[in-house]
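Take a look at the letters that make up each chain.
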Amino acid sequence: NWAWKRGIPTVLQFDGWSGSDAAYANPVRRSLRQMMISRADGFIAASSLGAAWFESYGIARKHILIAPIPPSFAVPDITTNQRATDRQYDLLWCGRTTRSKGFDVFIKIAGALCKAGIAKRIAIVGSTDIAETIATLRASRITDQADVFGQILPDQLPDILSNGKIALFPSRNDAYGVGVIDAIACGAVALASPMTGCAPDVLSTSETLPTDVRNDWIKACEQLIGKPALLETTCQQQTKAIINNDPAHHCETIWKAINQAAHRKPGTRQWG
């Protein structure tokens, strides 16, 4: 409002997408969003789904820039000589241990894979209640095969993520899904639900799995763990897919949006 009253151009950045609307839907929030969009002079989305969200509010695609979110930390130098089979954890969880994130689904998948002898070790990073998480693992009889970590600092993540083979994100609502980017940046292969905002931009269709179809996740993990060559190839493909997920590209995109906004003709959706 301050900028609008003074004729100062504004750029609106939205890291989520329409999948997040249901969780926060209310008349006041919708009204505020509509006002911000109608008054904005530039638009930045974190993903193609975020861009589609802007389009649903009447913004032309050519006026929307996509700035993929960088990893949460300085990307570690993953040695090219490290074999996937040398990594300690077959399965990784990275995020809050909530139903919204799909932690209940992860436990079922991990339990089935451990019982079948496919997964030997798992790591859970980001537990919101370690005692409760351990109790959940105990109920699934996989306590002895799991290492549980609480809410750790971003620069502590690489030590764990770079020691894992597959990271699972069976989320029911994750506006962007930076955990996917974090895992891939550390050399782990990511599998995610279509409710993870960055999934369409980063993962192939075979790596994007429906949250509640547990067998699809089990089969995908079994294939990757059982075939080191497939795991390595998938890792390389995903690494290429996040090549623009870095601070420099993010900064350049924001600067481009600022310049576009500065050249917009007042009171129109036209740019000079």
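Residues numbered from 1 in each chain as written. Predicted model: local features only at pLDDT ≥ 70, side-chain atom pairs only at ≥ 80, totals over all residues. Heavy atoms only, no water.

1. Here's the deal with the sheet that holds strand β3 (residues 64-66)
Here is step 1 of the chain: Spatially, the three strands line up as an open sheet ordered β1-β2-β3, and their pairing is parallel. If you trace the sheet from one side to the other, it starts and ends with β1 (11-14) and β3, each paired once. The average undirected angle you get between the axes of adjacent strands in this sheet is 25°.
Here is step 2 of the chain: The sheet contact formed by strand β2 (residues 42-45) and β3 spans three bridges and is parallel. In the sheet register, Phe43 faces β3, and the bridge partner there is Ile64.
Here is step 3 of the chain: Where helix α12 (residues 247-262) meets the sheet, it contacts β1, β2 and β3, and its direction lies at approximately 170° from that of β3. (Pairing = 2+ DSSP bridges. Helix = DSSP H or I, 4+ residues; strand = E, 2+ residues; numbered from the N terminus. Axes fitted to C-alpha atoms, helices over the stretch in contact; angles between N-to-C directions. Contact = heavy atoms within 4.5 Å.)

2. Let's talk about the packing of helix α5 (residues 103-115) against helix α10 (residues 214-226)
Here is step 1 of the chain: Interhelical geometry of α5 versus α10 gives an angle of 50° and a closest axis separation of 10 Å. The orientation of α5 relative to α10 falls into the category oblique. Viewed along their axes, α5 and α10 form a crossing whose handedness is right-handed. Facing α5, whose interface residues are Lys108, Ile109, Ala112 and Leu113, α10 presents Arg214, Trp217, Ile218 and Cys221.
Here is step 2 of the chain: Residues belonging to the contact of α5 with α10 are distributed by class as follows: six nonpolar, no polar and two charged. (Parallel < 35°, antiparallel > 145°, perpendicular 65-115°, else oblique. Left-handed = near helix turned anticlockwise from the far one by under 90°. Nonpolar A, V, L, I, M, F, W, Y, C, P; charged D, E, K, R; others polar.)

3. Structural notes on the packing of aromatic side chains
Here is step 1 of the chain: What the rule picks out here adds up to eight aromatic pairs.
Here is step 2 of the chain: For the pair Trp93 and Phe103, a centre-to-centre distance of 5.1 Å together with 70° between the ring planes defines the contact as edge-to-face. On the criterion of sequence distance, the pair formed by Trp93 in strand β4 (residues 89-94) and Phe103 in helix α5 is long-range, its members being ten residues apart. Taken individually, Trp93 and Phe103 each receive the classification buried, so the pair is uniform in this respect.
Here is step 3 of the chain: Between Trp93 and Phe106, the aromatic rings sit 5.4 Å apart at their centres with planes inclined by 55°, giving tilted as the arrangement. Taken together, the residues span a long stretch of sequence, with Trp93 in strand β4 and Phe106 in helix α5 at a distance of 13 residues. Here Trp93 and Phe106 have matching classes, each one buried.
Here is step 4 of the chain: Ring pairs connect the aromatic residues Phe14, Phe43, Trp53, Phe54 and Tyr57, which therefore count as one cluster.
Here is step 5 of the chain: A cation over an aromatic ring shows up here: Arg39 above the ring of Trp4, its NZ or CZ 3.6 Å from the ring centre. (Phe/Tyr/Trp six-rings, centres within 6.5 Å; stacked < 30°, edge-to-face > 60°. Buried < 20%, exposed > 50% of the residue type's maximum accessible area, 1.4 Å probe, protein only. Lys NZ or Arg CZ within 6 Å of the ring centre and 35° of its normal.)

4. Quick word on a nonpolar patch on the surface
Here is step 1 of the chain: A cluster of nonpolar residues, Val11, Trp255 and Ile258, forms a patch on the protein surface that exposes about 290 Å² of accessible area.
Here is step 2 of the chain: Note on Trp255: relative accessible area 56%, which makes it exposed. (Patch = residues over 30% accessible without salt bridge, like charges linked within 9 Å, V, L, I, M, F, W, Y side chains within 5 Å. Areas by Shrake-Rupley, 256 points an atom, 1.4 Å probe, with all protein chains shown as cover. Salt bridge = Lys/Arg side-chain N within 4 Å of Asp/Glu carboxyl O.)

5. Thoughts on the pattern of salt bridges
Here is step 1 of the chain: Across all of its chains, the model carries five salt bridges by this definition.
Here is step 2 of the chain: The salt bridge involving Asp90 is made with Lys165; its shortest N-O contact spans 2.8 Å. Linking Asp90 in strand β4 with Lys165 in strand β7 (residues 164-169), this pair joins segments that are 75 residues apart in sequence.
Here is step 3 of the chain: Asp147 is the partner of Arg121 in a salt bridge, and the nearest nitrogen-oxygen pair spans 2.9 Å. Of this pair, Arg121 sits in the loop between α5 and β5 (122-125) while Asp147 sits in strand β6 (residues 146-149); the two residues are 26 residues apart in sequence, bridging distant segments of the chain.
Here is step 4 of the chain: Judged by relative accessible area, which is 23%, Arg121 ranks as partly exposed.
Here is step 5 of the chain: The exposure class of Asp147 is partly exposed, given its relative accessible area of 23%.

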